[in-house]
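# Structural overview
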Amino acid sequence: MTAFTIHASKDGESLHTVRLGPTITIAKARELLKSGWQVHVTDADGRQYGPDKFDEILRFERKPTTDFSCTDGGVAFAARAGEPSTFSKV
């Protein structure tokens, strides 16, 4: 998982909070933004994202793409992580 830091300030007060997933990071950042906070998010590489770039962070949310297949007793099995498995008679 990728770590993100949310930086927020309002009325001379500031806060920093770390979130591990993109979806929860953006949900919290948008919640703070709606409450009147000035918000930006920093990723693990130090890149900063303002509210207009929050959707870019959601691109970090990736499904595993591991593929595997095997043959067992004349039945072939193939799967890709996050997708339905397929079976066929060989």
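Residue numbering note: each chain is counted from 1, following its sequence as written. Residue-level local features of this predicted model are given only where pLDDT is at least 70; pairs of side-chain atoms are given and counted only at 80 or more, and the full residue set underlies all totals for whole chains, interfaces and linings. Side-chain numbers here rest on the full set of heavy atoms in the structure, without hydrogens or water.

## Side note on the overall build of the protein chain
Put simply, the rule reads: Helix and strand definitions follow DSSP, with helices as H or I runs of at least four residues and strands as E runs of at least two, each counted in order from the N terminus. Using a 1.4 Å probe on the protein chains alone, a residue whose accessible area is under 20% of its type maximum counts as buried, one over 50% counts as exposed, and one in between counts as partly exposed. Per-residue and other accessible areas were derived by the Shrake-Rupley procedure at a 1.4 Å probe size, with only the shown protein chains allowed to occlude residues.
Within the protein chain one finds two helices and seven strands. Helices (α) and strands (β) of the protein chain occur, in sequence order from the N terminus, as β-β-α-β-β-α-β-β-β. Within the protein chain, buried positions represent 24% of all 90 residues. Surface accessibility of the protein chain: about 6,300 Å² in total, with carbon and sulfur atoms responsible for 52%.

## Concerning the pattern of salt bridges
What counts is decided by this rule: The rule for a salt bridge is simple: a side-chain nitrogen of Lys or Arg has to be within 4 Å of a carboxyl oxygen of Asp or Glu.
Following the criterion strictly, the structure yields five salt bridges and no others. As a salt-bridge pair, Lys28 and Glu31 come within 3.4 Å of each other at their nearest N and O atoms. Of this pair, Lys28 and Glu31 both sit in helix α1 (residues 22-34), separated by three residues, roughly a single helical turn. Using a relative accessible area of 44% as the deciding quantity, one classes Glu31 as partly exposed. The network of salt bridges with shared partners includes Asp43, Asp45 and Arg47.

## Comments concerning the nonpolar core
Heads up, the rule is: Joining through side-chain atoms within 4.5 Å is the link that ties buried Ala, Val, Leu, Ile, Met, Phe, Trp, Tyr and Cys residues into a set, and such a set is a nonpolar core. The contact definition used throughout considers only heavy atoms, calling two residues in contact when any of these lie within 4.5 Å.
Formed by Phe4, Ile6, Ala8, Ile26, Ala29, Leu32, Trp37, Val39, Val41, Tyr49, Phe54 and Ile57, the largest nonpolar core amounts to twelve residues. Put simply, the parts of the chain that give this core at least two residues each are β1 (4-10), α1, β3 (38-43) and α2 (54-57). Once you skip the residues sitting within four places of it in the chain, Phe4 turns out to touch Thr17, Val18, Arg19, Gly21, Pro22, Thr25, Val41, Thr42, Asp43, Ile57 and Phe60.

## Brief notes about the sheet that holds strand β4 (residues 48-49)
Cut-off, in case you're wondering: DSSP calls a pair of strands paired once it identifies at least 2 bridges connecting them.
Strand order in the open sheet formed by four strands is β2-β1-β3-β4, with antiparallel pairing between adjacent strands. What marks the edges here is a single partner per strand, and that holds for β2 (13-19) and β4. Of the strand pairs in this sheet, β1 and β3 are connected by six bridges, and their pairing is antiparallel. Bridging from a neighbouring strand, Ser9 pairs with Gln38 of β3.

## Concerning α1
This is how the line gets drawn: Under the convention used throughout, the expected extent of a helix is 1.5 Å for every residue step, that is, one less than its residue count. The arc refers to the directions leading from the helix axis to the C-beta atoms.
Its 13 residues give α1 an end-to-end C-alpha distance of 18 Å, which sits within 8% of 18 Å, the value for a rise of 1.5 Å per residue. Residues of α1 that are buried: Pro22, Thr25, Ile26, Ala29 and Leu32. In an axial view of α1, the angular spread of the buried residues amounts to 125°, which keeps them on one side of the axis.

## So, the pairing of β1
Every regular strand shows the same layout, with side chains that alternate between the two sheet faces. Bridge count for β1 against β2 is seven bridges, and the pairing is antiparallel. By the bridge assignment, Thr5 is partnered in β2 with Val18. In sequence, β1 turns back onto β2 through a hairpin of two residues, with Asp11 there showing a positive phi of about 50°.

## Observations concerning the environment of Ala3
Mapped onto the elements of the fold, Ala3 is located in the segment before β1. Residue classification places Ala3 among the partly exposed positions, given a relative accessible area of 30%. Along the backbone, Ala3 and Ala44 are 41 residues apart, and their C-alpha atoms lie at a distance of 5.8 Å. Non-local contacts of Ala3, meaning those with residues more than four positions away in its chain, are made with Val18, Arg19, Leu20, Thr42, Asp43 and Ala44.

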